[in-house]
Amino acid sequence: RIWRKGKAWVRPHADDEEAAGGGGGGRRSKTDMEEGQGDTVLMHSEGGEGKQMCMRWAVFGALILCVSLSPEIIVLPEAKIRYFGNATLATEYSSYIDASSNFLGVLTAPVLGRLSDTLGRKPLFIFACMVITAPSVCLLLSPVNLLPYLVCTVLRGFAGGPNGIFPLITAYLADLYPAEVRSKYFGWSFAIFSVGFILSPLITLFDRGASNETVFKVSVAFNLLSVLLAFALPESLARNSRVPMKGGWRNVLPFRALNKLFHCKITLVLACISFFFTVCENGIETTIFYFLNDRLGFMEKDNARLFLILGVSSLFVQSIALPILLKFASDSSVLRIGLVSYIFHLLLFAWSTSKWMVDANMLLAGFTFLTFPAINGLMSSVLSGKDQGVGFGTLASVRGIAAALGPLMFGTVYAALGNERVRFPEGVFYFGSSFVLLALLLSCCWLPGALLAPAVEEATERTAPLLLHLESSSMDCVDDSEG
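Along every chain, residues carry numbers that run from 1 in the direction the sequence is written. Residues qualify for local features only when their pLDDT is at least 70, as the model is predicted, and side-chain atom pairs are given and counted only at 80 or more; totals for whole chains, interfaces and linings, by contrast, use all residues. Excluded from the side-chain calculations are hydrogens and water; all other atoms, namely the structure's heavy atoms, are used.

Asks: I'm lost on the overall build of the chain in this one. Help?
Replies: Secondary structure elements follow DSSP: runs of H or I of four or more residues count as helices, runs of E of two or more count as strands, with numbering from the N terminus. Secondary structure assignment for the chain yields 19 helices and two strands. Considering only intrachain contacts with a sequence separation of at least 6, the fraction spanning at least 24 residues in the chain is 81%. Accessibility throughout is a Shrake-Rupley quantity obtained with a 1.4 Å probe, and a residue counts as covered only by protein chains that appear here. Put simply, the chain shows about 22,800 Å² of open surface, and 66% of that area lies on carbon and sulfur atoms. Residues count as neighbours in contact if any of their non-hydrogen atoms are within 4.5 Å of one another.

Here it is, written out as structure tokens:
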């Protein structure tokens with residue numbers, strides 16, 4: 001529960017709730033005040049509390065920005081081609097490595113989520129940033145022999161996979177803000193990631209040598225800075241709000257956590273939508289650059305330009321368009337807008353016949369990022385405060401399964417459709433559109449009913465005592481009249 005006191009959103013203490021309800025709440029002892037100090041989290045305030053929130057956002061935003069800066073992504077395809085010998089082997093082995101990391105993340109994401117509910121968010125941020133830094137350090141120390149980098153990429157699954165830090169970010173923001181405004185702040189966090197998309201291709205312009213040493217140095221510098229910022233990040237989860245060490249461990253097992261997730265209709269529908277969307281997204285990411293290279297002759301500079309346009313578009317959508325949309329539409333409506341945009345985005349890729357059409361299509365790609373804040377906002381609204389970490393960790397497991405299957409499925413389809421006999425490589429985009437269409441149908445048909453069910457159950461629980469009282473009163477009246 002969130003109370004509004006003046007101009008500040010606060011999370012009340014148990015004693016405050018008793019006092020408000022007339023339950024004999026009195027003045028708290030010094031020990032109780034010390035134990036519950038972290039229970040009160042200021043949401044929107046002025047004065048000293050507002051400065052604290054600004055400082056928290058400064059550290060938190062800088063941390064997200066450092067994690068999102070990955071200039072090595074643009075130069076890695078060429079390095080992998082040189083290491084494996086040709087593009088076909090590079091694509092094949094890269095898909096196996098990414099799939100291994102994602103499957104490992106499926107097993108560890110719920111565990112890390114429950115650990116964050118138990119130990120706090122900050123220790124897990126530090127651990128995740130350290131694991132993310134390891135592959136970049138290997139690239140700097142061994143830019144030609146990529147074996148250490150590939151091994152660390154697989155081991156990155158112990159931090160929840162390539163996107164393992166996202167559940168921590170969403171849980172961190174869920175601790176700070178009420179459900180009504182979380183989607184906006186989720187959008188802000190993704191907007192900061194978009195800045196990383198803009199800066200990463202620009203950094204690659206500093207060094208065009210075969211070793212890419214400058215790019216790797218910059219990547220390591222930002223990753224090490226993210227570790228330092230994780231140490232400086234204020235904790236968001238109060239001690240009294242954490243899950244006890246003994247009580248929460250049974251739900252840590254990944255398959256038990258998945259089973260718990262699927263028992264709620266809303267989380268089940270959201271997990272299915274996220275699964276179909278992520279399968280398509282990661283599958284397309286595996287094949288898109290090879291398709292553009294084969295179809296339109298895209299080179300490294302063209303790929304960097306696409307990342308730059310994508311970053312600018314995503315920054316506009318997350319920071320400007322999303323807050324405006326949330327004033328007039330619900331999270332579920334924003335989710336549908338993102339899915340429809342993604343379908344048109346894929347179809348325009350299949351119909352593109354020149355580079356300028358691809359560049360224009362990347363402007364539409366920013367609206368596809370509306371799906372993540374909407375799904376996270378809907379998910380956080382149905383999770384209790386003590387289950388935010390394990391809930392988002394379990395959702396990350398679902399996305400990890402999809403991220404592992406997507407490259408394998410779409411790589412196979414692209415190889416089958418792109419051979420000399422068929423020569424229909426754009427068919428992979430129609431194949432991907434079918435997955436997004438399934439997600440859109442789920443959001444239109446099942447999601448409204450799932451969102452309505454908890455409200456009906458809650459209303460029934462509130463009116464049940466009154467109905468029992470009225471029933472007993474009517475029975476008394478009948479007995480009196482008969483007497």
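Asks: Got a minute to help me understand the nonpolar core in this structure?
Replies: Here is a general trend for soluble globular proteins: nonpolar side chains tend to be buried in one another's company. Buried residues of nine kinds, namely Ala, Val, Leu, Ile, Met, Phe, Trp, Tyr and Cys, make up a nonpolar core once their side-chain atoms join them within 4.5 Å. Burial classes: relative accessible area under 20% of the type maximum marks a residue as buried, over 50% as exposed, and values in between as partly exposed (1.4 Å probe, protein chains only). Core analysis: the biggest nonpolar cluster contains 87 residues, and F60, F125, L292 and F429 have the highest contact counts within it. Sorting elements by how many residues they give to this core places helix α12 (residues 265-296) first, with 13 residues. With near-sequence residues (within four places) excluded, F125 lies in contact with F60, L63, I165, L168, I169, Y172, A230 and L233. Listed in part, the 14 residues of the second largest apolar core include V75, L150, C152 and F216.

Asks: I keep staring at helix α9 (residues 182-203) and nothing clicks. Help me out?
Replies: Every α-helical turn comprises 3.6 residues, leaving residues that sit three or four positions apart pointing alike. Compared with the 32 Å implied by 1.5 Å per residue over 22 residues, the 32 Å span of α9 between its first and last C-alpha is a close match. Across the 22 residues that make up α9, a large majority, 16, are buried. Multiplying 1.5 Å by the helix residue count minus one yields the expected span of that helix.

Asks: Explanation requested: the environment of R423 in the structure shown.
Replies: Assignment of secondary structure puts R423 in the loop between α17 (388-417) and α18 (427-445). A residue is classified by how much of its surface remains accessible, and R423, at 46% relative accessible area, is partly exposed. Filtering out sequence-adjacent residues up to four positions away, R423 remains in contact with D294, L417 and G418.

Asks: Looking at this structure, how should I read the packing of aromatic side chains?
Replies: Given two aromatic rings, their pairing is described by the distance between the two centres and the angle made by the two planes. Pairing of aromatic rings covers Phe, Tyr and Trp, the last counted by its six-membered ring, and requires centre-to-centre distances within 6.5 Å; plane angles under 30 degrees mean stacked, over 60 mean edge-to-face, and any other angle means tilted. A complete count under the given rule lists 19 aromatic pairs for this structure. Judged by centre distance (3.8 Å) and plane angle (10°), the rings of Y177 and Y185 are stacked. Taken as a pair, Y177 and Y185 share a single burial class, namely buried. For the ring pair F349 and F429, a centre distance of 5.5 Å and an interplane angle of 20° mean the geometry is stacked. In this pair, F349 is assigned in helix α14 (residues 331-351) and F429 in helix α18, connecting sequence segments 80 residues apart. Of the two residues, F349 and F429, both sit in the buried class. These aromatic residues form a ring-pair network of at least three members: W57, F60, F125, Y172, Y177, Y185 and W188.

Asks: What am I meant to see in the pattern of salt bridges here?
Replies: Working definition: two side chains of opposite charge can pair if their charged atoms are close together. Only one rule defines a salt bridge in this text: a Lys or Arg side-chain nitrogen within 4 Å of an Asp or Glu carboxyl oxygen. With the rule as written, the count across this model stands at four salt bridges. The partner of R121 in a salt bridge is D117, and the shortest N-O contact between them spans 2.9 Å. R121 serves as the salt-bridge partner of D175, at 2.7 Å between the closest nitrogen and oxygen. With D175 in helix α8 (residues 165-176) and R121 in helix α6 (residues 121-141), this residue pair connects regions lying 54 residues apart in the sequence. Among the ionic contacts, a cluster of salt bridges with common partners joins D117, R121 and D175.

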